[in-house]
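Descriptive analysis of the structure
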Amino acid sequence: MTIQHRMALVSTGNDLAHSLRHLREICTRPDFQVMARQHARGKLTVQEKIACLFDPGTFGEDLAPRSDLDPRHGERRLLTGHGMMHGRAVAAAIFDSAIAAGSVTISTGVKLIKQMQLAEAQRCPLLIDWDSGGADINDGVASLDIFRQIFTQMNEISGRIPTLSIISGLNAGGGAYAPVMTDTVIMIDGSMMAVTGPTVIKVATGEDVTPDEMGGAQLHSERSGEAHYRVPTYEEATRLARRYVTYLPESMWSFPPRLEPRDKPGVSTNLRAIITQARHNARLKKNASWDIRTFIEAAVDDDSWLEYHEKFGTSAVVGFARIAGIAVAMIANQRQVLGASMTAASSSKVTRFLKLANAYHLPVITFVDVPGFIATQEESEGQILSQGATLLMMYPNVMVPRISVVIDKAFGGAYCAMDSLTTSVRARFCRHYGFTTGQIAVMGKEAGPFFTYGGDGGDPIVRERNQERYETEYLNMRLAFEGGFVTPLEPETLRQRLVEDVPQLYAAYQEYWHTLGRELELVRERCPTLWNELRYGAIRGLVQPL
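Given the structure is predicted, the values throughout are model-derived calculations rather than measurements.

1. Here we look at the overall build of the chain
Helix and strand counts for the chain stand at 21 helices and 17 strands. Expressed as a percentage of the 546 residues in the chain, the buried residues total 50%. Restricting to contacts in the chain with at least 6 residues of sequence separation, those with at least 24 account for 73%. Per element, the accessible surface of the chain, about 25,500 Å² overall, is 56% carbon and sulfur.

2. Description of the packing of helix H4 (residues 106-121) against helix H5 (residues 141-157)
For the pair H4 and H5, interaxial distance at closest approach is 9 Å and the crossing angle is 10°. Judged on the interaxial angle alone, H5 and H4 are roughly parallel. For the pair H4 and H5, the contacting residues are Ile106, Gly109, Val110, Leu112, Ile113, Met116, Gln117 and Glu120 in the first and Ala142, Ile146, Gln149, Ile150, Gln153, Met154 and Ile157 in the second.

3. A few points about the pairing of strand E12 (residues 326-333)
With 8 of 8 residues buried, E12 is to be regarded as a mostly interior element. Along E12, one buried face is formed by Ile326, Val328, Met330 and Ala332 and the opposite face, lined by Ala327, Ala329, Ile331 and Asn333, is buried too. Across 8 bridges, strand E11 (residues 316-323) lies against E12 in antiparallel orientation. By the bridge assignment, alanine 316 is partnered in E12 with asparagine 333. Here E11 hands over to E12 after 2 residues, with alanine 324 in that stretch at a positive phi of 55°.

4. Let's talk about the layout of surface pockets
Volume-wise, the second largest pocket comes out at about 520 Å³. Lining the second largest pocket are 26 residues, with Ala101, Ser132, Gly133, Gly134 and Ala172 positioned closest to its centre. For the lining of the second largest pocket, the secondary structure elements donating two or more residues are H5, strand E6 (170-172) and helix H7 (198-205). The element that contributes the greatest number of residues to the lining of the second largest pocket is H7, accounting for 3 residues. For the lining of the second largest pocket, the class distribution of residues is 12 nonpolar, 10 polar and 4 charged.

5. Describing the sheet that holds strand E1 (residues 60-62)
Reading across the sheet, the 7 strands line up as E1-E2-E3-E4-E5-E7-E9 and stay open at both edges, with mixed pairing between neighbours. The two strands at the open ends of the sheet, each matched to only one other strand, are E1 and strand E9 (229-231). Going across the sheet, the axis of each strand differs from the next one's by a mean of 25°, ignoring polarity. In this sheet, strand E7 (residues 184-188) lies alongside strand E5 (residues 163-167) in parallel orientation, the contact comprising 4 bridges. Across the sheet, residue leucine 164 finds its bridge partner in E7, namely threonine 184.

6. Topic: the nonpolar core
Counting residues in each nonpolar core, the largest one holds 98 residues, and the members touching the most others are Phe320, Met330 and Phe367. Those residues in contact with phenylalanine 367 that lie beyond four places of it in its chain are Ile292, Phe295, Ile296, Ala299, Met330, Ile331, Ala332, Asn333, Val405, Ile407, Leu494 and Leu498. Within the second largest apolar cluster, 28 residues are counted, among which are Cys124, Ile157, Val185 and Met193.

7. Remarks on the pattern of salt bridges
Tallied over the full model, the rule gives 25 salt bridges. Residue arginine 242 pairs with aspartate 55 through a salt bridge whose shortest N-O separation is 2.8 Å. Taken together, the residues arginine 242 in helix H10 (residues 234-244) and aspartate 55 in the loop between helix H3 (46-53) and E1 connect sequence positions 187 residues apart. Both residues of the pair, arginine 242 and aspartate 55, count as buried. Where glutamate 521 meets arginine 524, a salt bridge forms, and the shortest distance between an N and an O atom there is 2.8 Å. You can see glutamate 521 and its partner arginine 524 sitting in helix H20 (residues 494-526), 3 residues apart, about one turn around the helix. Since its relative accessible area comes to 38%, arginine 524 is described here as partly exposed. Three or more residues are tied together by salt bridges with common partners; here these are Arg279, Arg335, Asp369 and Asp408.

8. Re H4
Taking 1.5 Å per residue, 16 residues should reach 22 Å; H4 reaches 22 Å between its end C-alpha atoms and fits that length. Buried within H4 are the following residues: Thr108, Gly109, Lys111, Leu112, Ile113, Gln115, Met116, Ala119 and Glu120. Residues of H4 that are buried make contact with E1, strand E2 (78-85), strand E3 (88-95), strand E4 (126-130), H5 and helix H21 (528-535). Downstream of H4 by one or two residues, arginine 123 has phi in the positive range, about 55°.

Cut-offs applied
Residue positions within a chain follow its written sequence, with the count starting from 1. With the structure being a predicted model, the display of local features is reserved for residues of pLDDT at least 70 and the display and counting of side-chain atom pairs for 80 or more, all residues being used for whole-chain, interface and lining totals. Excluding hydrogens and water, the side-chain values take into account all heavy atoms of the structure. Secondary structure elements are taken from DSSP: a helix is a run of H or I of four residues or more, a strand is a run of E of two residues or more, and numbering for both begins at the N terminus. Accessible area is worked out with a 1.4 Å probe on protein chains only. A residue is then buried under 20% of its type maximum, exposed over 50%, and partly exposed in between. Here, residues are in contact when the closest pair of their heavy atoms is within 4.5 Å. Values of accessible area rely on a 1.4 Å probe in the Shrake-Rupley scheme; residue burial ignores everything except the protein chains shown. All axes here are fitted lines through C-alpha atoms, helices being fitted over the stretch that makes contact, and every angle between N-to-C directions spans 0 to 180 degrees. Angle categories: roughly parallel below 35 degrees, roughly antiparallel above 145, roughly perpendicular from 65 to 115, and oblique for all the rest. The pairing criterion is simple: DSSP has to find at least two bridges between the two strands. Only protein atoms enter the 1 Å grid, on which a cavity is a set of points fitting a 1.4 Å probe that cannot get out and a pocket is an open set with protein on both sides within 12 Å along at least 5 of 7 lines, lining residues being those with an atom within 4 Å of a point. Grid points are joined across faces, edges and corners, and a volume is the space filled by probe spheres set on the points. Here the term charged refers only to Asp, Glu, Lys and Arg, the term nonpolar to Ala, Val, Leu, Ile, Met, Phe, Trp, Tyr, Cys and Pro, and the term polar to all other amino acids, Gly among them. Think of a nonpolar core as a cluster: buried Ala, Val, Leu, Ile, Met, Phe, Trp, Tyr and Cys residues, connected wherever their side-chain atoms sit within 4.5 Å. Whenever a carboxyl oxygen of Asp or Glu lies within 4 Å of a side-chain nitrogen of Lys or Arg, that contact is scored as a salt bridge. Any helix carries an expected span of 1.5 Å times its number of residues minus one.

Structure follows, in structure tokens:
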């Protein structure tokens, strides 16, 4: 062996030893061990979450804890700061479950409250990543009191700045109540929101339950309605969160960003043909449904539709979109589910989305195709009357511009609930249209002929004749057009009508809002007590959970 070979082996051995020492140093570092433990649990570290959420290099920490604090101190269980999402400032509070399961001490709660107040003061959206077991038992009743203060602060910022929760871990107690007080909840598969955890249930009752059974993503996105989005991974949650905030303003004092309009490529969807075919199928006793998303996609800007609360209350569809580059809230009946009949769940879903749209200056576009509120014993037990009544009261309280279009059926009280002329208190911001192919009536042709012309004696020929007569006399738009309840609109002109109306109405609304803001400044200067009442009452667009 030559001297060169020996020297090369020695050098290789030294390099290997150096690499092993370096690797050992890395593996024994606390941050590496934390990362390894989090990855073993299928979770990301706080730093990795920040990298997913914000534009590169834009995040800066707020309310950083002192360096001399204990590693498990309550302030270290929550990281707070600001970063950019698509160039817009967003505040964040991220619980670190690697420290005491993210449980909330007094100092943790104080830090979260300060961050909420800071976000409101800076008038920017707030994102909270929840991975907390709730109140820290060691702080006793004081930990409950700090959660009471958190809930109060949540209430104060509701409707003033957009708030978004990501549920990334197991959240119990206050860690589950607080997220549903925010505007929108994104749940990741494997996470949990529940009054208490499975371990407590096991100790208290002996019952074995899983986190999914207690309050998993499927339960809350499909049955309880507490979660508005369900996603498989944290990366998907962050992509959704970043897209979601683009539809909202920085606060109630500003307006959502307006983008360049994007027309649909190719040939326009033939909406009239869809309606005509469905009517033909109905007469042949065939499937006469359609997916209302077809109408939504045909009406809005290309690639702008973002559905909201998709799996809950599915006889109604709601979501964000853009028309002429303006962010709007879309609400529509879905006849593929229960023939588009409104349920307690779909009524509460629409009501809540209306509150969200109204708080953050999103014009509301309603596509009406509803045969009524569903009348079953199960729905009666599920508060269909109170939920329907809440919806009936909601549309008159909406300040933002509203456009409704009767796509096909609009019967009974459900017609009133889904934005009709009589709800237009601010008429100059509203438009109400009806397709010339539509139907507005007290009842449909199944029950209407019986109460109009009497029974048919079980004779199918008489029944068919009465139904045809009823359709001719009542199931058309003639009475609605003549009474001025809706303005005629051809299906082919739907998008063009919206593209013309939305910017016009929105400009008038913005001018009105700026005038209102100037007058409120005068109230704050000259009538501070009245201003205080307005600030904590009528002036605030409160967004409440279901």
